[in-house]
4 protein chains.
Amino acid sequence: MKLRDENKVPQIYQATLKLVRASGIAGITMQAVAKEAKIATGTLYIYFNNKESLLVGLFNECAKNSASGFFRNYDPGGPFKTGFRTIWLNILQYRISHFEEMLFIEQFFTSPYIEEATKMAVKKIFDPLRELIQRGKDEHLIKDIDSFWLLTFMTGNINEIAKRIHYFNKKLTPEIEDLNFQLCWDGIKS
Amino acid sequence: MKLRDENKVPQIYQATLKLVRASGIAGITMQAVAKEAKIATGTLYIYFNNKESLLVGLFNECAKNSASGFFRNYDPGGPFKTGFRTIWLNILQYRISHFEEMLFIEQFFTSPYIEEATKMAVKKIFDPLRELIQRGKDEHLIKDIDSFWLLTFMTGNINEIAKRIHYFNKKLTPEIEDLNFQLCWDGIKS
Amino acid sequence: MKLRDENKVPQIYQATLKLVRASGIAGITMQAVAKEAKIATGTLYIYFNNKESLLVGLFNECAKNSASGFFRNYDPGGPFKTGFRTIWLNILQYRISHFEEMLFIEQFFTSPYIEEATKMAVKKIFDPLRELIQRGKDEHLIKDIDSFWLLTFMTGNINEIAKRIHYFNKKLTPEIEDLNFQLCWDGIKS
Amino acid sequence: MKLRDENKVPQIYQATLKLVRASGIAGITMQAVAKEAKIATGTLYIYFNNKESLLVGLFNECAKNSASGFFRNYDPGGPFKTGFRTIWLNILQYRISHFEEMLFIEQFFTSPYIEEATKMAVKKIFDPLRELIQRGKDEHLIKDIDSFWLLTFMTGNINEIAKRIHYFNKKLTPEIEDLNFQLCWDGIKS
DNA sequence: GATGAATGAGCCTTCATTCAT
DNA sequence: TATGAATGAAGGCTCATTCAT
């Protein structure tokens, strides 16, 4: 008996992300995914019930990966600014190195595939960051503003940096990291 | 294509934007656009050569509209911070009140329809802002950083605010304007 | 403007029936129907929402046609036996000359497409016959048996004759009509 | 194909019949049969070369079963009417209790799977009945009519009874047996 | 110019059949 | 032998585009 190939799902996810990069979520066809993943169309349906399942599965995978990437090396017990910078940089670097995931997530959010429940689940990814921000406010290190807007400020900036790095073929040097972090930090610090 | 009925094109654009809002750029079909615009499918092809033309046309229209919206009431001769705040607020308000356009532009950027030339053309919209920023640097009012990143910082933040206002059903009160502008300003000021 | 071709629907129905004859209801594919009707596949979907609609539509058409065929030249005021023979012969002749319809109806009944409501509606076609049979019983000309079984007897026989005429390449001569009617009549007469 | 597990084939046949009952011959897929028979898809191909083999095999099995069912307790040496009634009742009861087989056979006849040879082979099943009918004619007990039509008359009626018993949820009581046999007998008797 | 029916390539999905284990 | 994953050719349906009116 041939066992279910444990490698197929990641393989399929990779193929899908590659297509997203090339022509957006609208450009994803099951045929194209299969071809890119070097399997037959029918095989896709062994691992996923339908196209929606595939996309939702990939979305969840991306969300999970992000979560672990964002908080790598982050020590909740350390000083605020250290932690904040670590997370800021993690997110930025993750977004850049996993740019396809970012594109996919963004487009998935405006696609007919997403459900309200999923949207809400994603918010939780940032919970550790939300807690850190709260601590920063408690310690009077950053502005006493609704965390919602502080998060908006921070992520909006990071996303845009990531996009422009890609779209304008820039490199993320330490200098550019510093410079952009400085803008962010000066904005939120009290 | 002879444009007889000058009213049809805006009508078609409006219909298209409405569809984008409802189900993303992938939800745009010529049939759906025609129906929404209350004309026949064939008629679309009198005003546009094909689907791509329509989308590109709409994109340009959006770009043009944005340009005029962004610099409304802006006096290049006035004080830096006044001008900067005016533009900042114009962009934010425009993005919120023309949210469909924003969605469309964003999705168009990642679609197979966009061409490199178009991307570059869009950059020009921000030229007056770029000049203002240069002046701010010359007057030592803001950080002496590559304008590219200052612009990135500013627009990334604005876009994210606009999105969150919509997705989380927030209202843009003067307080929220002030608070967010403060974050931005503290970030860039020298 | 091109008007909806009033001829298309009958044309499509004919093509469908032809296919049923050739390879059963399971052999009906939209592609095959289109090809047989000499139109494009997409055109089918202008006239029918989907395959089911087409089949249901055809079924209703067949039912309607049958109804009018069965009671041609039938005078409810005439003598019982005359009326009974007229209807008996009408049904038989109709089934033979519209054999494809008969096949289709029979197979449609065992297909996943039929709904309970439709089944019931079909029963009504035989109402005039049911009334006549009742009259026959009232006039003590035929056996006083539940009409359900009298109808079963009559139609079961007719259907089988029609099938065998076709499957064994027989001709329906007046002699064969008489002979078979005699069997039926001797069965039901009191 | 080496038939090791002699139990598998009947198991597969049963599964197939169950599917026919549920959704017609069109509803038979190899995957579904395998699932219903609780074996793997591949296993089907150990016992049958392909789908057609399976269906043809089942058809022959049904034909064989019918043959033995139809002539159970029939004594060719007994009086004509006794024998005729025995067979009449056997066929009716068999059709009702093996309704799925009847459905399958009927649908198989109009499917693309059947071949002319098979059709002819089936005719032989009724040979003992044909002989009995001939004897009835020789003994002047029944009408002197082509046996072809006498058989048509008899079987058409039986089939229709069986169908209606199922479709209208009737029970086959002795009264209903008698009543229907009377109709048939009065029809054919001389 | 305006209409909407007509077209057919292409998309999602199913399914008979094969094959590696 | 038995398994079920893998394959790819259709099948149902959609949609950009054309064309007759």
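Residues numbered from 1 in each chain as written. Chains lettered and ligands numbered in written order. Predicted model: local features only at pLDDT ≥ 70, side-chain atom pairs only at ≥ 80, totals over all residues. Heavy atoms only, no water.

Caption draft 1: View of the nonpolar core. Among the nonpolar cores identified, the biggest contains 131 residues, and C:Phe104 and D:Phe104 are the most heavily contacted of them. Excluding residues within four positions of it along the chain, C:Phe104 makes contact with C:Leu17, C:Val20, C:Ile25, C:Leu55, C:Leu58, C:Phe59 and C:Cys62. In terms of nonpolar packing, the next biggest core, distinct from the first, is built from 129 residues, A:Ala37, B:Ile28, B:Ala34 and B:Cys62 among them. (Core = buried A, V, L, I, M, F, W, Y, C linked by side-chain atoms within 4.5 Å. Buried < 20%, exposed > 50% of the residue type's maximum accessible area, 1.4 Å probe, protein only. Contact = heavy atoms within 4.5 Å.)

Caption draft 2: Seen up close, the packing of helix α10 (residues 174–188) of chain C against helix α9 (residues 147–167) of chain D. The contact between α10(C) and α9(D) brings their axes to 11 Å, and the two run at 40°. Viewed along their axes, α10(C) and α9(D) adopt a mutual orientation that is oblique. Judged by the twist between their axes, the crossing of α10(C) over α9(D) is right-handed. Each of C:Ile176, C:Leu179, C:Asn180, C:Leu183 and C:Cys184 in α10(C) lies in contact with α9(D), whose residues at this interface are D:Trp149, D:Leu150 and D:Phe153. Taken together, the residues of the contact of α10(C) with α9(D) break down into seven nonpolar, one polar and no charged. (Axes fitted to C-alpha atoms, helices over the stretch in contact; angles between N-to-C directions. Helix = DSSP H or I, 4+ residues; strand = E, 2+ residues; numbered from the N terminus. Parallel < 35°, antiparallel > 145°, perpendicular 65-115°, else oblique. Left-handed = near helix turned anticlockwise from the far one by under 90°. Nonpolar A, V, L, I, M, F, W, Y, C, P; charged D, E, K, R; others polar.)

Caption draft 3: Inspection of the interface of chain D and chain C at higher detail. Each partner contributes to the interface: chain D provides 39 residues, whereas chain C provides 38 residues. Between chain D and chain C the total buried area reaches about 3300 Å² when both faces are included, carbon and sulfur atoms providing 69% of it. Taken together, chain D and chain C are joined by four salt bridges. Residue C:Lys143 pairs with D:Asp186 through a salt bridge whose shortest N-O separation is 2.6 Å. The interface formed by chain D and chain C holds six residue pairs in polar contact (both at pLDDT 80 or more) in total. Broken down by secondary-structure element, the contributors of at least two residues to the side of chain D that touches chain C are α6 (99–109), α7 (116–123), α9 and α10 (174–188) of chain D. (Buried area = accessible area lost by both parts, 1.4 Å probe. Salt bridge = Lys/Arg side-chain N within 4 Å of Asp/Glu carboxyl O. Polar contact = N/O pair within 3.5 Å; in protein donor to acceptor, adjacent residues only side chain to side chain.)

Caption draft 4: Looking closely at the interface of chain A and chain B. Each partner contributes to the interface: chain A provides 38 residues, whereas chain B provides 40 residues. For the pair chain A and chain B, the summed buried area comes to about 3300 Å², and 69% of that belongs to carbon and sulfur atoms. Inspection of the region where chain A meets chain B yields four salt bridges. A salt bridge links B:Glu106 to A:Lys163; its shortest N-O distance comes to 3.8 Å. Run the count over chain A and chain B and you get six residue pairs in polar contact (both at pLDDT 80 or more). Mapped by element, the contributors of at least two residues to the side of chain A that touches chain B are α6 (99–109), α9 (147–167) and α10 (174–188) of chain A. Here the side of chain A that touches chain B gets 16 residues from one element, more than from any other, and that element is α9(A). Residues of the side of chain A that touches chain B, tallied by class, amount to 18 nonpolar, 12 polar and eight charged.

Caption draft 5: How the structure looks around the domain arrangement of chain A. Residues and elements named next belong to chain A. According to the domain assignment, chain A consists of domain 1 (1–48) and domain 2 (51–188). Taking only C-alpha atoms into account, the centre of domain 1 sits 27 Å from that of domain 2. Tallying the contact residues gives 14 residues for domain 1 and 17 residues for domain 2. Approximately 1400 Å² of surface area, both sides summed, lies buried where domain 1 meets domain 2, with 77% of it carried by carbon and sulfur atoms. Applying the counting rule to domain 1 against domain 2 returns zero salt bridges. Our count for the contact surface shared by domain 1 and domain 2 stands at four residue pairs in polar contact (both at pLDDT 80 or more). Of all the elements in the fold, those that place two or more residues in the side of domain 1 that touches domain 2 are α1 (8–23) and α2 (30–36). (Domains from an automatic or database assignment.)

Caption draft 6: Quick look at the relation of the copies chain D and chain C. Superposing chain D onto chain C requires a rotation of 179° together with a translation of 0.1 Å along the rotation axis, leaving an RMSD of 0.3 Å. A rotation of that kind, with that shift, is consistent with a two-fold axis. Measuring from the rotation axis to each C-alpha of chain D, the shortest distance belongs to D:Gly187, at 2.1 Å. Mapped onto chain C, 97% of the interface residues of chain D again fall at the interface, so both copies present the same surface. (Least-squares fit on C-alpha atoms with pLDDT ≥ 70 in both.)

Caption draft 7: Looking closely at the pattern of salt bridges. In the structure shown here, the tally under the stated rule is 48 salt bridges over all chains. Because the salt bridges share partners, they merge into one network encompassing A:Glu106, A:Lys163, B:Glu106 and B:Lys163.

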